[in-house]
Amino acid sequence: MFKKILIANRGEIACRVIKTARRMGIQTVAVYSDADARAPFVQMADEAVHIGPAPAAQSYLIADKIIQACKQTGAEAVHPGYGFLSERTSFAEALAAEGIEFIGPPVGAIAAMGDKIESKKLAKQAGVNVVPGFVGEIEDTEHAVRISNEIGYPVMMKASAGGGGKGMRLAYSEQDVREGFESVKREGLNSFGDDRVFIEKFILNPRHIEIQILGDKHGNILYLNERECSIQRRHQKVVEEAPSPFVTEKMRKAMGEQCVALSRAVGYYSAGTVELIVSGADPTGESFYFLEMNTRLQVEHPVTEAITGVDLVEQMIRVAAGEKLEMTQADVKIDGWAIENRVYAEDPYRGFLPSTGRLVRYNPPVDGWTDDGEANGRRGIEGIRVDDGVYEGGEVSMFYDPMIAKLITWGQTRDEAADKQVAALDLFEIEGLGHNIDFVSAIMQHPRFRSGELTTGFIAEEYPEGFHGAPASEELKGKLAAVAAFVATARADRARRVDGQLAPRRLMPPSEWTVTIDKAPYDVVIDDEDVTVNGASVELAMEYTPGDRLIEAEIDGEVIGIRVAPTRTGLKMTTRGAIHDVQILPSRVASLAKHMIEKIPPDLSKFLICPMPGLLVALHVGEGDKVEAGQPLAVVEAMKMENILRAEKSGVVKAVNAKAGESLAVDAVILEME
């Protein structure tokens, strides 16, 4: 077994590998850029080596710096995590040339499966179903248009070396191909150093199901069941679960055996994932197609660990060291259900725009996951597990992936796992930047999610007008009103005790309140004996000290976590996937509120405003140009993704305040319309 390994990655996955290596008695080496000098993974590792500036292209993507760090520290092997150099054949070859073990699959398998075009050809030769499409090289936009017209819309344009949702565009028309083809090429070149693109038919109502593969160097290959990853946004996975609510035992066996056969054809060993696109309209499960193979550890690997008890990182290390797998296919079981939500630095209330900045407050519902070596321990604390690599006061950088943490829950049933997600998300405190906690909580509660009727179009279909918070029942609003009135009473009680006031200290706080939630008033009375909402008694048990930002209240036997923040006239209360602006006034004052003048917000429609911090890649118009509603005006790159900004209405460009190549702050005015 290795004595020391280097982790060629950062963030939560670096922490994840370090924890298992530590349990195995293996020393670890971290490498870090300027942006990660104070990151948790750097502190956790036994040694750390600085490898360059913040941009990944100058640090984490330079193989020579990783190899030099291995030589400097005596590391015998490298775990690449996912992303960065994890699927670069040149990196694995360079390590081999230096006698350093690569904790991953053989170079031949990476080469065969890492190129989407070549992997589809190989899969087809092996008798695996592949999605109809063009797998040759595409010359230019006109060639792409001709190919798309022949295949039939909709089509998907993908960068050949792409991954993680980058370098992909869905086209429903010729115009979409003309607008998106060059962007796909640029994203592929910028993110992966390869601008080749392929085009394939987009299967309507598809499910994204993947099979976890694990093999050793002695010819043993197993499949560790499937994961359902259909809930995606912009082709980036948001929710993953294991097993899939769609897959039957017969389907699982057919998919698993075919994926094992494909893996065997390329001499695969270590952990890997074969991604399949499955027609949700075919209940037999026979309509599944090879999509791609990820020759690395997946972001969503914890859900597989939770239901199988297998530590995938440990197995990767043991396989790299030459050990045989101790388990057989018959040993692989399914115990319970696991769901993972990716907590991203993005603002769902503003069109999911990337959000970077400092984590002013970061308090997950349970402590970060620790590897105790026990199978049940892979399910976290009472079925709640947090994998993260950030800290309160740290910064989510524009240079890397926007994921803050992964929240994994396990239960005996799917509903139990989902319920634990909702409860845990309510207790997840993040302040300082936008995040998607409310959004994933809303998904967990959505009737369609609970039914298991998922497709990759779930988010687009269920939130066509964007996300505005999960709907709240009247029952929930009544409970929030009771909590809000209790908070107001506690704040009023503290206020009356401040010294130097004109009113005597014996003046008691109000007991009757009018609480307005979503424009609906609730009359709440709080006294020593009882709490009533609109005349109905409520059983309320909670503790609150003015200044608390998180409340756990038991209301009529149900425990609810509520994040609260004071506003001028009440509270902002966040729970169950929505933010509620709550007005709280003493009942004798509430009747006067209708006389307050409402402030009208300014008209910003004549400005093109940068919606997120980013780089202005292209500006398509100039001063004096006439534009039409929906016309592309500019392209802003943020978090390695290009975003097309379009005109809200027709008009003439009055002034241009930015130029291509500039770095823009959020809400910066790019141009003004007449």
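Right, let's walk through the structure included here. In this text the structure is predicted, and so the values were computed from the model without any measurement.

## As for the packing of aromatic side chains
As enumerated under the stated definition, the model contains eleven aromatic pairs in all. When the centroid spacing of 5.3 Å and the interplanar angle of 65° are considered together, the rings of Phe-439 and Tyr-463 count as edge-to-face. Separated by 24 residues along the polypeptide, Phe-439 in helix H13 (residues 437–445) and Tyr-463 in the loop between helix H15 (458–462) and helix H16 (474–496) bring together distant segments of the chain. Comparing Phe-439 with Tyr-463, the two get one shared label, buried. Members of the aromatic cluster, joined through ring pairs, are Tyr-349, Phe-352, Phe-439, Tyr-463 and Phe-467.

## A few points about the nonpolar core
Ranked by internal contacts, the top residues of the largest apolar core, which has 63 residues, are Ile-5, Leu-6, Phe-41 and Phe-91. Aside from chain neighbours lying at most four places away, what touches Ile-5 is Val-17, Ala-21, Ile-26, Gln-27, Thr-28, Val-29, Ala-75, Ala-77, Ile-103 and Ile-317. Grouped together as the second largest cluster of nonpolar side chains are 39 residues, Ile-404, Val-422, Leu-425 and Phe-449 included.

## A look at the sheet that holds strand S4 (residues 77–79)
Spatially, five strands are ordered S3-S2-S1-S4-S5 in an open sheet, and the strand pairing comes out parallel. One side of each edge strand has no neighbouring strand; the edge strands of this open sheet are strand S3 (47–52) and strand S5 (101–102). Relative to strand S2 (residues 27–33), strand S1 (residues 4–7) runs parallel, the two being bridged by four bridges. In the sheet register, Lys-4 faces S2, and the bridge partner there is Gln-27. Contacts from helix H3 (residues 63–73) reach S1, S2, S3 and S4, with the element oriented near 150° to S3.

## Things to note about helix H12 (residues 414–426)
Since there are 3.6 residues in each turn of an α-helix, residues three or four apart along the chain are aligned in direction. Between its terminal C-alpha atoms H12 stretches 19 Å, which fits the 18 Å expected from 13 residues at 1.5 Å a residue. Looking only at H12, the buried set comprises Arg-414, Ala-417, Ala-418, Lys-420, Gln-421, Val-422, Ala-424, Leu-425 and Asp-426.

## Things to note about the sheet that holds strand S41 (residues 663–664)
Pairing in this open sheet of four strands is antiparallel, and the strands run S39-S38-S36-S41 from one edge to the other. Lying at the two open borders of the sheet, with one neighbouring strand each, are strand S39 (641–646) and S41. In the sheet, strand S36 (residues 614–619) pairs with strand S38 (residues 632–638) via four bridges, with the strands oriented antiparallel. The partner of Leu-619 across the bridge, within S38, is Ala-634.

## Observations regarding the environment of Ile-62
Relative to the elements of secondary structure, Ile-62 occurs in the loop between S3 and H3. Along the sequence, Ile-62 and Gly-52 sit ten residues apart, while their C-alpha atoms lie 9.3 Å from each other. Ignoring anything within four residues of it in the chain, the contact list for Ile-62 reads Ala-57 and Leu-85.

## Looking at helix H4 (residues 89–97)
All of the buried residues in H4 are Phe-91, Ala-92 and Leu-95. Seen along its axis, H4 keeps its buried residues to an arc of 95°; they face one direction. Every exposed residue of H4 that faces more than 90 degrees away from the buried side is listed here: Ala-96 and Ala-97. Contacts from the buried residues of H4 go to H3, S4, S5 and helix H5 (107–114). Of the residues flanking the end of H4, it is Gly-99, one or two places downstream, whose phi is positive at about 75°.

## Points about the pattern of salt bridges
By the definition in use, this model includes 58 salt bridges. The shortest N-O distance in the salt bridge between Glu-142 and Arg-178 comes to 2.5 Å. One end of the pair, Glu-142, is in helix H7 (residues 141–151); the other, Arg-178, is in helix H8 (residues 174–192), and 36 residues separate them in sequence. Classification of Arg-178 by relative accessible area gives partly exposed; the value is 36%. In this structure, Asp-194 engages Arg-196 in a salt bridge whose closest nitrogen and oxygen atoms are separated by 3.0 Å.

## Considering unusual backbone geometry
A cis amide bond, omega 0°, links Tyr-153 with the succeeding residue Pro-154. For Pro-154, the location among the structural elements is in the loop between H7 and strand S7 (155–163). At the junction of Ala-242 and Pro-243, the peptide bond is cis and its omega measures out at -5° in the coordinates. Within the element layout of this structure, Pro-243 appears in the loop between strand S14 (239–242) and helix H9 (249–265). Look at Ser-270: it is not a glycine, yet its phi comes out positive at around 80°. In this structure, Ser-270 sits in strand S15 (residues 270–279).

## Points about the pairing of strand S31 (residues 550–555)
Of the two faces of S31, only one is covered, namely that formed by Ile-551, Ala-553 and Ile-555; the face formed by Leu-550, Glu-552 and Glu-554 stays uncovered. One ladder, built from two bridges, connects strand S30 (residues 540–541) with S31; its direction is antiparallel. Bridge pairing in S31 places Leu-540 opposite Ile-555. Bridge count between S31 and strand S32 (residues 558–566): six bridges; the pairing is antiparallel. When the bridges of S32 are listed, Leu-550 appears paired with Arg-563. Hairpin geometry of S31 and S32 is characterised by an intervening segment of two residues between the two adjacent antiparallel strands and by a positive phi of about 50° at Asp-556.

## Regarding the side chain of Ser-230
Its place among the elements puts Ser-230 in the loop between strand S11 (221–228) and strand S12 (232–233). Since its relative accessible area comes to 1%, Ser-230 is described here as buried. A polar side-chain atom of Ser-230 sits 2.2 Å from a polar atom in the side chain of Glu-228. Not counting residues up to four positions away in its chain, the partners in contact with Ser-230 are Arg-207, His-208, Leu-454, Thr-455 and Thr-456.

## Topic: the packing of H12 against H13
H13 packs onto H12 with a crossing angle of 155° between their chain directions and a minimal axis gap of 9 Å. Between H12 and H13, the angle falls in the class roughly antiparallel. Seen from above, H12 lies across H13 with left-handed handedness. On the side of H12, the interface is formed by Ala-418, Gln-421, Val-422 and Leu-425, while H13 contributes Ile-437, Val-440, Ser-441, Met-444 and Gln-445. Residues that form the contact of H12 with H13 fall into these classes: six nonpolar, three polar and no charged.

## Structural notes on the packing of H7 against H8
When two helices pack together, their arrangement is captured by the angle between the axes and the distance separating the axes. At a minimum axis distance of 9 Å, the contact between H7 and H8 shows a crossing angle of 140°. With respect to their mutual orientation, H7 and H8 come out oblique. Crossing of H7 over H8 shows right-handed handedness. Only Glu-174, Val-177, Arg-178, Phe-181 and Glu-182 of H8 make contact with H7, whose side of the interface consists of Thr-141, Glu-142, Ala-144, Val-145, Ser-148 and Asn-149. For the contact of H7 with H8, the per-class residue count stands at four nonpolar, three polar and four charged.

## With respect to a negative patch on the surface
Where like charges cluster on the molecular surface, the negative patch consists of Glu-137, Glu-139, Asp-140, Glu-182 and Asp-195. Mapped onto the fold, Asp-195 is located in the loop between H8 and strand S9 (197–201).

The rules we used
Residues numbered from 1 in each chain as written. Predicted model: local features only at pLDDT ≥ 70, side-chain atom pairs only at ≥ 80, totals over all residues. Heavy atoms only, no water. Phe/Tyr/Trp six-rings, centres within 6.5 Å; stacked < 30°, edge-to-face > 60°. Helix = DSSP H or I, 4+ residues; strand = E, 2+ residues; numbered from the N terminus. Buried < 20%, exposed > 50% of the residue type's maximum accessible area, 1.4 Å probe, protein only. Core = buried A, V, L, I, M, F, W, Y, C linked by side-chain atoms within 4.5 Å. Contact = heavy atoms within 4.5 Å. Pairing = 2+ DSSP bridges. Axes fitted to C-alpha atoms, helices over the stretch in contact; angles between N-to-C directions. Expected span 1.5 Å × (residues − 1). Arc of directions from axis to C-beta. Salt bridge = Lys/Arg side-chain N within 4 Å of Asp/Glu carboxyl O. Polar contact = N/O pair within 3.5 Å; in protein donor to acceptor, adjacent residues only side chain to side chain. Parallel < 35°, antiparallel > 145°, perpendicular 65-115°, else oblique. Left-handed = near helix turned anticlockwise from the far one by under 90°. Nonpolar A, V, L, I, M, F, W, Y, C, P; charged D, E, K, R; others polar. Patch = residues over 30% accessible without salt bridge, like charges linked within 9 Å, V, L, I, M, F, W, Y side chains within 5 Å. Areas by Shrake-Rupley, 256 points an atom, 1.4 Å probe, with all protein chains shown as cover. Lys, Arg positive; Asp, Glu negative; His and termini not counted. Charge placed at Lys NZ, Arg CZ, Asp CG, Glu CD.

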